[in-house]
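Residue-level structure breakdown
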Amino acid sequence: MTSATEPTGASSHYKLTHLKALEAEAIHIMREVAAQFEKPALMFSGGKDSIVMVRLAEKAFRPAKFPFPLLHIDTGHNFPEALAFRDKLVEDIGERLIVHKVQDLIDRGDAAEDPGPFPSRNRAQIPTLLDAIDKYQFDALFGGARRDEEKARAKERIFSFRDDFGQWDPKNQRPELWNLYNGRHRMGENIRVFPISNWTEMDVWQYIMLENIEIPGLYFSHKRDVVKRRGQLVPIGDDPFGPRDGETIINCTVRFRTVGDMSCTAATDSPASNLEEIVAEVAAARASERGARMDDKTNEAAMEDRKKEGYF
Amino acid sequence: MSAQTQSKTDFSTDPNANKGMDFSTDAYLDMDLLRFLTCGSVDDGKSTLIGRLLYDSKSIFEDQLEAAESASLSRGDQRMDLALLTDGLRAEREQGITIDVAYRYFATPKRKFIIADCPGHVQYTRNMVTGASTANLALILIDARHGVIEQTRRHSFITSLLRIPHLVVCVNKMDLVDWSQETYDKIREEFEEFAARFEITDITFVPMSALTGDNVVNRSQNMDWYQGPSLLHHLENVHIAGDRDMIDPRFPVQWVIRPQGDEHHDYRGYGGQIASGVFQVGDEIIALPSGMESKIKSIDIGGVPQPLATPPMSVSIQLEDDIDISRGDMLCRPNNQPTSGQDIDAMVVWMAETPMKVGKKYTVRHTSNEARCIIKNLNYRLDIKTLHRVEEAEDLKLNEIGRIAIRTTKPLFYDPYRQCRVTGSFIIVDEQTNNTVGAAMIIGETS
Ligand SMILES: Nc1nc2c(ncn2[C@@H]2O[C@H](COP(=O)(O)OP(=O)(O)O)[C@@H](O)[C@H]2O)c(=O)[nH]1
Ligand SMILES: [Mg+2]
């Protein structure tokens, strides 16, 4: 039956690899959001997932400009390399970037630094994001989260609704059928949209390789000062990222599997210095990517709790 | 290490058991995608089976295993409960049930797989429909000790209603029936008998034990009477390229790409995802609803030219002529057009607590189009236990399925769902709550 419908000689054009299928799905999602919402934005963290989203947006909208700006929720805990990369990328693609700073909210008293010895600004990102939504009246935000990252994410819809407080209600999600996305919402409500929900870490890396996408050097092995903290290699930088009492700085060859905040991203001891080697390493990996995020370890349901509060 | 020497669900102790797949990049870039869903009653072994597939394809990482193990221990379980790897939400963990579709991913060097792990209870029919809507294949688990039960019939019916092209019936827990061929044959016959009533084109049966791994990844040593492939072998090789309709070109326009600068002054692209058929540069097309005809000038993805586009590619199409086309319009061939109409006969699965009422107005989303509609008639409700038609039904409640007639405020360009899942499906949206309340599959024009 199939052979009759496929003209001979053209069959190689007819084959659709899984990466092309995932790409097509993501482009479709982005265009739906552009069409169904007034003020979307693409959350750009400088990590590889958001860099891939930028490439997908180019595929969806070029040669026109993106019908939305990029939004960076700046924790102030960035790797300097990641910021430099961000600024260069924005210049290269010629799109608008909005930076909303956690520090500004802390200074205003609208966000608080976490207590404890190793404060992370993950929690403070939540009010900062909500403040940005309020200020710019965003009604849809693209996020680069993937369902393979974590169990709560595995259940999240591609169009994920948030109430006025930015909260996710996992028990009451809208059914999402076929490729029909229902973006209807009231004033004040907004959604998070995850165009690469169905991608795995491996898919992302393979796509970066296939598409020749530039990513920050942090992902490749390099020499860096780190300390061993709670069994993980924690990068050391300028204040407040110096070593704690009793910690000794070691200089080793490391790379990062995710690029988050300096305060909560652990390095992996790895010699992988190019994409091929990274892919080989991901294929052989024994610890999942989110395992390198110190904040998820706090408890089993950590991510679900944060999502309910308005985390990405 | 042969599967049956492994004791219980002991996945984590043997460091050599899980060496992982060998992915060369060339192979990875050549893999295709199979989306499947798993269905079955509680305790039929879905989570165990998925755990086994993920584990044997090395898709579960050590820290995820450790987290599941320690959660099991702290709950007082004897051994790791594999369900903890897939049942993600707190309410589920506490109640020990699965309330929503969980998506899982694994790959072998041949294919990438997306699993929609769906809850089995009647009250979660809508979640199963959600998972089924994008699947090319369904796994139906049957506990060999219990055989075909009501849930099996219901799940099989939904599979056929959603027109999932491939079905695999997993007769599980064969270890508990002494690997008996007789038991398996009986279940198989029983299934085939009732499935004959549904339109399911491709059914495969696999006797297995998810717990011991027999016939999941490797062929079982305990059932030499079974000559077929292991489940994974079947999943890797089932022919899915033919599932895509390459005959009837349909392109719902999603977004018009009009660059503002001088550089691309003349560019006017129509962005969308190919619903079915093949579009090639030079093809004559007609735009609906205007009826204007033109030719395809170019097809590109993000500015990179493509000679042709097949489903489900997302592309941007330029035409030779400057005709007025916007979101919701559809491009097709002058000699091969969908039905254009406002009176539609469809099967609907109701998904909201508030029942569907005849005479009520809703919004429908169909391809990239949106319209308002009124429910003109409820022909019958289908009792999903008995599959009898209840003609005197007055409304459709949560998880109920019925045949309805609607009239839309403007024409939709549709095909029967049996011909095309994309142009043959629509969702119903409640205008007060904005919720998606119905999933509908078009039969045709109302008579
Ligand atoms: N003996 C045996 N037990 C099984 C098999 N598959 C699953 N089980 C057990 O059946 C119970 C329910 O399995 P689970 O995977 O949670 O079922 P689910 O509710 O369909 O997800 C668990 O105790 C499993 O260990 C099998 O093939 N043989
Ligand atoms: Mg289960």
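Each chain carries its own residue numbering, running from 1 in the written order of its sequence. Each chain is given a letter, starting from A, and each ligand a number, starting from 1, according to the order in which they appear as written. Only residues with pLDDT of at least 70 get local features here, since the model is predicted, and only at 80 or more are side-chain atom pairs given and counted; chain-wide, interface and lining totals rely on the full set of residues. Calculated side-chain values reflect all of the structure's heavy atoms, with hydrogen atoms and water omitted.

1. Structural notes on the sheet that holds strand S6 (residues 202-207) of chain B
All names here are of chain B. Stated formally: For two strands to pair, DSSP has to find at least two bridges joining them. A helix here means a DSSP run of H or I that spans at least four residues, while a strand means a run of E at least two residues long, and both kinds are numbered starting from the N terminus. Angles run from 0 to 180 degrees between N-to-C directions of axes, and those axes are lines fitted to C-alpha atoms, restricted for helices to the stretch in contact. Contacts are assigned to residue pairs with any non-hydrogen atoms lying within 4.5 Å of each other.
Pairing within the open sheet is mixed, and its 6 strands lie in the order S2-S3-S1-S4-S5-S6. Each having just a single partner strand, strand S2 (102-107) and S6 make up the two edges of the open sheet. Sheet twist, expressed as the average angle between the axes of neighbouring strands with direction ignored, equals 25°. Pairing analysis gives 6 bridges linking S2 to strand S3 (residues 111-117), with the strands arranged antiparallel. Residue pairing across strands places Arg 104 opposite Ile 115, the latter belonging to S3. The sheet contacts of helix H8 (residues 181-195) involve strand S4 (137-143), strand S5 (166-172) and S6, and relative to S6 the element is tilted by about 160°.

2. Focus: the interface of chain B and chain A
Here is the rule we go by: Two parts placed together each lose some accessible area under a 1.4 Å probe, and the buried area is that loss summed for both. Salt bridge, as used here, is a side-chain nitrogen of Lys or Arg placed within 4 Å of a carboxyl oxygen of Asp or Glu. Three residue categories are used. Nonpolar comprises Ala, Val, Leu, Ile, Met, Phe, Trp, Tyr, Cys and Pro, charged comprises Asp, Glu, Lys and Arg, and polar comprises the others, including Gly.
Taken together, the 95 residues of chain B in the interface contact 73 residues of chain A. When chain B packs against chain A, the two sides together hide about 7200 Å² of surface, and 55% of this comes from carbon and sulfur. Glu 25 of chain A is the partner of Arg 35 of chain B in a salt bridge, and the nearest nitrogen-oxygen pair spans 3.1 Å. Tallied by class, residues from the side of chain B that touches chain A come to 44 nonpolar, 31 polar and 20 charged.

3. Thoughts on the environment of Ala 27 of chain B
The topology assignment puts Ala 27 of chain B in helix H1 (residues 25-28). Placed 322 residues apart in sequence, Ala 27 of chain B and Val 349 of chain B show a C-alpha to C-alpha distance of 40 Å.

4. Describing the confidence of the model for chain B
Residues and elements named next belong to chain B. Applied cut-off: Think of pLDDT as the predictor's per-residue confidence, scored from 0 to 100.
Model confidence for chain B is summarised by a mean pLDDT of 87, while 88% of its residues fall at 70 or above. Segment residues 1-21: pLDDT under 50, and 35 contacts once partners within four positions in sequence are set aside and those in other chains are kept. Among the scores for the predicted complex, ipTM is 0.90 and pTM is 0.89.

5. Concerning the packing of helix H7 (residues 150-161) of chain B against H8 of chain B
All names here are of chain B. Under the convention used in this document: Oblique is the label for any angle not under 35 degrees, not over 145, and not in the 65 to 115 range, which are roughly parallel, roughly antiparallel and roughly perpendicular in turn. Handedness of each helix crossing follows the sense of rotation of the near helix against the far helix: counterclockwise by less than a right angle gives left-handed, clockwise gives right-handed.
Two elements in contact, H7 and H8, have axes whose closest approach is 11 Å; the angle formed by their N-to-C orientations is 45°. It follows that H7 is oblique to H8 by the angle criterion. Handedness of the H7/H8 crossing: right-handed. Here H7 contributes Thr 152, Arg 153 and Ser 156 to the contact with H8, which in turn contributes Glu 190, Phe 191 and Phe 194. Considered class by class, the residues forming the contact of H7 with H8 number 2 nonpolar, 2 polar and 2 charged.

6. What about the pairing of strand S20 (residues 369-382) of chain B?
Residue and element names in this part refer to chain B. Pairing analysis gives 6 bridges linking strand S19 (residues 361-366) to S20, with the strands arranged antiparallel. Across the sheet, residue Thr 363 finds its bridge partner in S20, namely Arg 372. Counting the residues in the hairpin turn of S19 and S20 gives 2 residues, including Thr 367, whose phi is positive at 40°. In this structure, S20 lies alongside strand S23 (residues 401-414), joined through 8 bridges in antiparallel fashion. Across the sheet, Leu 382 pairs through a bridge with Ile 401, a residue of S23. The pairing of S20 with strand S21 (residues 389-390) spans 2 bridges and is antiparallel. In the sheet register, Arg 381 faces S21, and the bridge partner there is Val 390. With antiparallel pairing between neighbouring strands as the criterion, S20 and S21 make up a hairpin whose turn holds 6 residues, including Leu 387 at a positive phi of roughly 65°.

7. Describing the site of ligand 1
Residues and elements named next belong to chain B. Defined as follows: Whether a residue is near a molecule or strand depends on its heavy atoms: if one lies within 4 Å, it is near. In protein, a polar contact requires one atom able to donate a hydrogen and another able to accept it; more generally it is a pair of N or O atoms within 3.5 Å, and residues adjacent in sequence count only if both atoms are side-chain atoms. Method for areas: the Shrake-Rupley scheme with a 1.4 Å probe, in which residue coverage is limited to the protein chains shown.
As a matter of local geometry, ligand 1 sits amid 16 residues, with Asp 43, Lys 46, Ser 47, Thr 48 and Asp 175 nearest to it. A distance of 2.8 Å separates an oxygen atom of ligand 1 from a polar backbone atom of Lys 46. A distance of 2.4 Å separates an oxygen atom of ligand 1 from a polar atom in the side chain of Thr 48. Summarising the interface, the protein chains cover 82% of the accessible area of ligand 1, which totals 580 Å² for the free molecule. The dominant element in the shell around ligand 1, judged by the number of residues it contributes, is helix H2 (residues 46-56), at 3 residues.

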